[in-house]
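# Examination of the molecular architecture
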Amino acid sequence: MLPGSIQISGETLSSAEIRDICESLRENAVRLLSLRGCQLSDRDFGRICRGVAESHSLAQLNLNLGIVSNINRVKQLAEALKTNRSIQSLFLHGSPLTDAGLALLNPALSIHPSLVALDLGDCMLGDEGINLVCGLLPPDGAKSGLKELTLSANPGVTAKGWGRLAIAVAHSSQVRVLNLDYNPLGDQVAGMLAVAVASSRTLEVLDLEGTGLTNHSAQTLLDMVENYPTALRTLILAENNISPELQQQISDLLSEGEEEEENEAHEVTAREKNPWISQMSNILSPTCSTDPSSQMVLVTSGLGESLLAETEM
């Protein structure tokens, strides 16, 4: 039987329910476990962590909204992550981790072989926490790292911390999605991020909703999108002091880039599936004979194979 999901939100969990969850984890019957906003005792949280450690099927763990509520729970989760090898996505949004808590988690996060998505939104992080996060975005080619990172609503981070993150993103060969919404970034940090986006070869989605940006930083982002080839396809700028016209211009340019990339991909796919297209291009190139007495005729077997034959017409 394929692993399933357990999703519970905002409930007070009994010891019996915790026992059932742990049994499912140990039996590798769970791929997604979400206990978003649930209430459970410290003892039961420890039981959950032991189940997570033993599971080989768990790919997504959602402990959003205060589940990891104290340092003891942070330590228990860290121990579980050191043993677990299957988790790909970890959601801790709304947990009062602080930099100290993230420092306890960081060793397990940095060596986890499968983790590619991490949500540390609203976790009361500061610059030291961001420095730790940067270590999860290793330089190009160094080792695998995060592909999706959420750092929403961490107002304790200063421009210095965000600048360090921008450098890490610029040199990361992995990160594709970066959510920084509802942080007081301002135009200065937006300028740093524009440079990071222009340098990154992988970043496709950047969420800057509600980050205190103005037309000044929007113009910088527009110039970046217009003049530099970038992997970026989605830039979220809602709830900023940016004119609708500038937002539309940026959106249009990103859409144009996506359409061009899709067209190129279709052409490559067509050539891979139909090798004769490349042969036809070579045969019909200007360097070939232009004798009108002969033409190229495509003969198809009907079995997916094609044959080029030159026939006198």
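Quick caveat: nothing in here was measured; it's all calculated off a predicted structure.

Right, let's get into the sheet that holds strand β2 (residues 30–34). Read from one edge to the other, the open sheet built from 9 strands follows the order β1-β2-β3-β4-β5-β6-β7-β8-β9, with strand pairing classed as parallel. Lying at the two open borders of the sheet, with one neighbouring strand each, are β1 (4–7) and β9 (234–236). Neighbour-to-neighbour, the strand axes of the sheet open up by a mean angle of 5°, direction not taken into account. Each of β1 and β2 is contacted by helix α1 (residues 15–26), which is oriented at about 145° to β2, the strand it contacts most.

For soluble globular proteins, nonpolar side chains are generally found buried alongside one another. In this structure, Leu33, Leu120, Leu151, Leu165 and Leu208 are the most contacted members of the largest nonpolar core, which totals 81 residues. When near neighbours in sequence (up to four residues on either side) are disregarded, Leu165 contacts Ile130, Cys134, Leu137, Leu149, Leu151, Leu178 and Leu180.

Looking now at the pattern of salt bridges. Under the defined criterion, the tally for this structure stands at 4 salt bridges. With its nearest N and O atoms 2.8 Å apart, the salt bridge here joins Arg73 to Asp42. Taken together, the positions of Arg73 in helix α3 (residues 71–83) and Asp42 in helix α2 (residues 42–54) put the pair 31 residues apart, joining distant regions of the chain. Accessibility expressed as a relative area gives 6% for Arg73, which makes it buried. Look at Asp42 and you get partly exposed, because its relative accessible area is 37%. The salt bridge partner of Lys82 is Glu79, with a shortest N-O separation of 3.3 Å. Of the two residues, Lys82 and Glu79 are both situated in helix α3; the distance of 3 residues between them amounts to about one turn of the helix. Residue Lys82 is classed as partly exposed on the basis of its relative accessible area of 38%. The network of salt bridges with common partners includes Arg43, Asp44 and Arg47.

The rules we used
The residue count restarts for each chain, going from 1 along the sequence in the order it is written. Predicted model: local features are reported for residues with pLDDT of at least 70 only, side-chain atom pairs are reported and counted for 80 or more only, and whole-chain, interface and lining totals are derived from all residues. Here the side-chain values reflect all heavy atoms present in the structure, with hydrogen atoms and water set aside. For two strands to count as paired, DSSP must find a minimum of two bridges between them. Secondary structure elements are taken from DSSP: a helix is a run of H or I of four residues or more, a strand is a run of E of two residues or more, and numbering for both begins at the N terminus. Axis lines are fitted through C-alpha atoms, for helices just across the contact stretch, and the angle between N-to-C directions can take any value from 0 to 180 degrees. The contact rule is simple, with two residues in contact once any of their heavy atoms fall within 4.5 Å. In plain words, nonpolar cores are sets of buried Ala, Val, Leu, Ile, Met, Phe, Trp, Tyr and Cys residues tied together by side-chain atoms within 4.5 Å. Each residue is assigned to one of three classes by its accessible area relative to the maximum for its type, calculated with a 1.4 Å probe on protein chains only: buried under 20%, partly exposed between the two thresholds, exposed over 50%. The term salt bridge refers to a side-chain nitrogen of Lys or Arg lying within 4 Å of a carboxyl oxygen of Asp or Glu.

These values are about where atoms sit, not about what they do.
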